[in-house]
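Listed below, chain by chain, are the residues.
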Amino acid sequence: PLPQVLDDPHEVERSGQLNVTKIAQGGRKVRKNWGASWVVLAGNSLVFYREPPLAAPSSVWGPAGSRPESSVDLRGAALAHGRHLSSRRNVLHIRTVPGHEFLLQSDQEMELKAWHSALRAVIERLVRR
Ligand code: I3S
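The structure presented is a predicted model; accordingly, all values stated were derived computationally and were not measured.

### Looking at the side chain of N90
Reasoning step 1: For N90, the position within the fold is in the loop between β6 (78-81) and β7 (91-95).
Reasoning step 2: Among the polar contacts made by the side chain of N90, one reaches the main-chain carbonyl oxygen of S106 at a distance of 3.0 Å.
Reasoning step 3: Of the polar contacts made by the side chain of N90, one reaches the backbone oxygen of D107; its length is 3.4 Å.
Reasoning step 4: When neighbours within four sequence positions are excluded, N90 is seen to be in contact with L104, Q105, S106, D107, Q108, E109 and L112.

Encoded structure:
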């Protein structure tokens, strides 16, 4: 039989540390508050954790018992470069259907490009469903 993960709608597409700030909530601009988060892209969600997982790859959902700080539904989300929205380099801008907007940033260009591709692929796949 195929490994179960291939069938799992919550298969983790990507996870890693990024600098994150919310810039709008429900269409209303909010003050930036950049901070490092452990970010997990899985299923139709982007999930933010305060801390990276402690050790095992099986704990990509965060340390045992840890709850995400927040989570957004990527169905219908818009993804764009965020360079016009920040002085930082390598910035992505995500706007969700309910009007929550986030910037994701990494000092490592390749890392941010990989996130861009992974997010674009997931968002496109969700559109086709
Ligand atoms: O888009 P802004 O307003 O230029 O963003 C900067 C400010 O939010 C600033 O905070 P306060 O003005 O609230 O003190 C942040 O410290 C900066 O990091 C923000 O700009 P960057 O370019 O880092 O996204």
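### Observations concerning the layout of surface pockets
Empty space among the atoms becomes apparent when a probe as large as a water molecule is rolled across them.
Reasoning step 1: In this structure, the largest pocket encloses a volume near 300 Å³.
Reasoning step 2: Going through the elements one at a time, β1 (12-25), β3 (35-42) and β5 (70-73) are the ones with two or more residues in the lining of the largest pocket.
Reasoning step 3: When residues in the lining of the largest pocket are grouped by element, the largest group, four residues, is from β1.
Reasoning step 4: In terms of residue class, the lining of the largest pocket is built from five nonpolar, eight polar and four charged.

### A look at helix α1 (residues 109-127)
Reasoning step 1: Its 19 residues give α1 an end-to-end C-alpha distance of 27 Å, which sits within 8% of 27 Å, the value for a rise of 1.5 Å per residue.
Reasoning step 2: All of the buried residues along α1 are L112, W115, H116, A118, L119, V122, I123 and L126.

### With respect to the nonpolar core
Reasoning step 1: In terms of nonpolar packing, the biggest core is built from 20 residues, with L41, L46, F48, L74, L104, W115 and L119 touching the most fellow members.
Reasoning step 2: The element best represented in this core is α1, accounting for seven residues.
Reasoning step 3: Discounting residues that sit within four places of it in the chain, L46 has contacts with V39, V40, L41, S70, S71, V72, L74, I94, L104, W115 and L119.
Reasoning step 4: By size, the runner-up hydrophobic cluster in this structure holds five residues, among which are W38, V40, V47 and Y49.

### Looking at the site of the ligand
Reasoning step 1: In the vicinity of the ligand, the residues found are R31, K32, W34, S86, S87 and R88.
Reasoning step 2: A distance of 2.8 Å is found between an oxygen atom of the ligand and a side-chain nitrogen or oxygen belonging to S86.
Reasoning step 3: Here the ligand loses 47% of its free accessible area of 510 Å² to cover by the protein chains.
Reasoning step 4: In terms of residue class, the shell around the ligand is built from one nonpolar, two polar and three charged.

The rules behind these values
- Residues numbered from 1 in each chain as written.
- Predicted model: local features only at pLDDT ≥ 70, side-chain atom pairs only at ≥ 80, totals over all residues.
- Heavy atoms only, no water.
- Helix = DSSP H or I, 4+ residues; strand = E, 2+ residues; numbered from the N terminus.
- Polar contact = N/O pair within 3.5 Å; in protein donor to acceptor, adjacent residues only side chain to side chain.
- Contact = heavy atoms within 4.5 Å.
- 1 Å grid on protein atoms, 1.4 Å probe; cavity = no way out; pocket = protein on both sides within 12 Å on 5 of 7 lines; lining within 4 Å.
- Points joined across faces, edges and corners; volume = space filled by probe spheres on them.
- Nonpolar A, V, L, I, M, F, W, Y, C, P; charged D, E, K, R; others polar.
- Expected span 1.5 Å × (residues − 1).
- Buried < 20%, exposed > 50% of the residue type's maximum accessible area, 1.4 Å probe, protein only.
- Core = buried A, V, L, I, M, F, W, Y, C linked by side-chain atoms within 4.5 Å.
- Near = heavy atom within 4 Å.
- Areas by Shrake-Rupley, 256 points an atom, 1.4 Å probe, with all protein chains shown as cover.

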